[in-house]
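Listed below are the residues making up each chain.
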Amino acid sequence: MGELINPEVHAFDTLWDASRALAEEVAKTARIAVEEQGRLTMALSGGKTPEPLYSLLAREYADKMEWNSIHLFWGDERCVPQNHPDSNFRMAYKSWISKVPIPPQSVHRIQTEEVTPEKAAESYERLLIEFFNASEEIPASTFDVMLLGLGADGHTASLFPGSPALSEKKRWVVSASAPSSVFPKKRITMTLPLINISRKVIFLALGGEKRSVIRTIFEEPEKAVKIYPAAMVRAREKLLWYVDKNV
Ligand code: 6PG
């Protein structure tokens, strides 16, 4: 699962404050990555929490980032059309991507229109293997930034507690199902073997309903790692948590 790097925790009064700080972190990481390797690869999270961050990146960083050198991916997607209100792509596109001059071919969405979720997962995995020139073995690292959210049940991406996807050791992308109380049910998700070789993993996890999970992850890691997918996440270089103050 990779070595546990001590998380760097950043605590904020509001999601807006956290989004401002995180936008700066993303822009700084992008600057360094483009200088050092000529590109930034970033996997985006879905849900509602990252929307203010994406809007900020559109509004205040449109002329501060090298969009021709930035590649965007998704850590997970719901099996809905790209223009569906529940689409993670649609949220990021409307709030950010449609407002910055990033080349369309650098926006690598998960094509959920494939015949089945399994086919969609296989297609996205092929896209990633080709993009990172990865052979059968998993390469040293992949994404420069992996942005993740956190559910109140401790899920991240579409890796839910007890999911068979959590025991995946080789595949990079799989189809998955959300619990019966969570919609949309059918999902495509990156797996832990792929997430955990990202250089920098950033959890944007504000919201009162997430605090007890976060406390358990930080205060009882041995217990958390058995039950919460978010606690199973590792990073090659840096693991950052953006959380509420007094978590
Ligand atoms: C998804 C996300 C998921 C999300 C959490 C938190 O597709 O739902 O990738 O992992 O980050 O469910 O969602 P909120 O930001 O809406 O609380």
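Anything mentioned here points back to the structure above.
Residues numbered from 1 in each chain as written. Predicted model: local features only at pLDDT ≥ 70, side-chain atom pairs only at ≥ 80, totals over all residues. Heavy atoms only, no water.

Undergrad: So what's going on with the pattern of salt bridges? Residues and values would help.
TA: Enumeration according to the criterion identifies 12 salt bridges in this entry. The salt bridge involving Glu8 is made with Lys238; its shortest N-O contact spans 3.4 Å. Placement of Glu8 in strand β1 (residues 8-12) and of Lys238 in strand β9 (residues 238-244) is noted, with a sequence separation of 230 residues between them. Judged by its relative accessible area of 29%, Glu8 is partly exposed. (Salt bridge = Lys/Arg side-chain N within 4 Å of Asp/Glu carboxyl O. Helix = DSSP H or I, 4+ residues; strand = E, 2+ residues; numbered from the N terminus. Buried < 20%, exposed > 50% of the residue type's maximum accessible area, 1.4 Å probe, protein only.)

Undergrad: An account of the packing of aromatic side chains is requested, with residue identities and associated values reported.
TA: One pass over the full model with this rule turns up 12 aromatic pairs. On the numbers, 6.1 Å between centres and 70° between planes, the contact of Trp67 with Trp96 is edge-to-face. Separated by 29 residues along the polypeptide, Trp67 in the loop between α2 (51-60) and β3 (70-74) and Trp96 in the loop between α3 (88-95) and α4 (117-131) bring together distant segments of the chain. This pair shows no difference in class: Trp67 is buried, exactly as Trp96 is. (Phe/Tyr/Trp six-rings, centres within 6.5 Å; stacked < 30°, edge-to-face > 60°.)

Undergrad: Describe the nonpolar core, listing the residues and the values that go with them.
TA: Core analysis: the largest hydrophobic core is formed by 80 residues, its most contacted members being Trp96, Leu128, Met190 and Trp241. Ignoring anything within four residues of it in the chain, the contact list for Leu128 reads Phe73, Phe143, Trp172, Val173, Met190 and Leu194. (Core = buried A, V, L, I, M, F, W, Y, C linked by side-chain atoms within 4.5 Å. Contact = heavy atoms within 4.5 Å.)

Undergrad: Please set out the site of the ligand residue by residue, giving values where relevant.
TA: By nearness alone, 14 residues border the ligand, and Thr49, Asp76, His155, Ala157 and Lys210 come closest of all. The contact in question runs from an oxygen atom of the ligand to an N or O atom on the backbone of Gly46, over 3.4 Å. Measuring from an oxygen atom of the ligand, one finds a side-chain N or O atom of Arg78 at 2.8 Å. In the shell around the ligand, the residues fall into 2 nonpolar, 7 polar and 5 charged. (Near = heavy atom within 4 Å. Polar contact = N/O pair within 3.5 Å; in protein donor to acceptor, adjacent residues only side chain to side chain. Nonpolar A, V, L, I, M, F, W, Y, C, P; charged D, E, K, R; others polar.)

Undergrad: Please set out α2 residue by residue, giving values where relevant.
TA: When α2 is considered as a whole, its buried residues turn out to be Leu53, Tyr54, Leu56, Leu57 and Ala58. Its buried side turned inward, α2 meets α1 (15-37), β2 (40-44), α3, β5 (145-148) and β8 (200-205).

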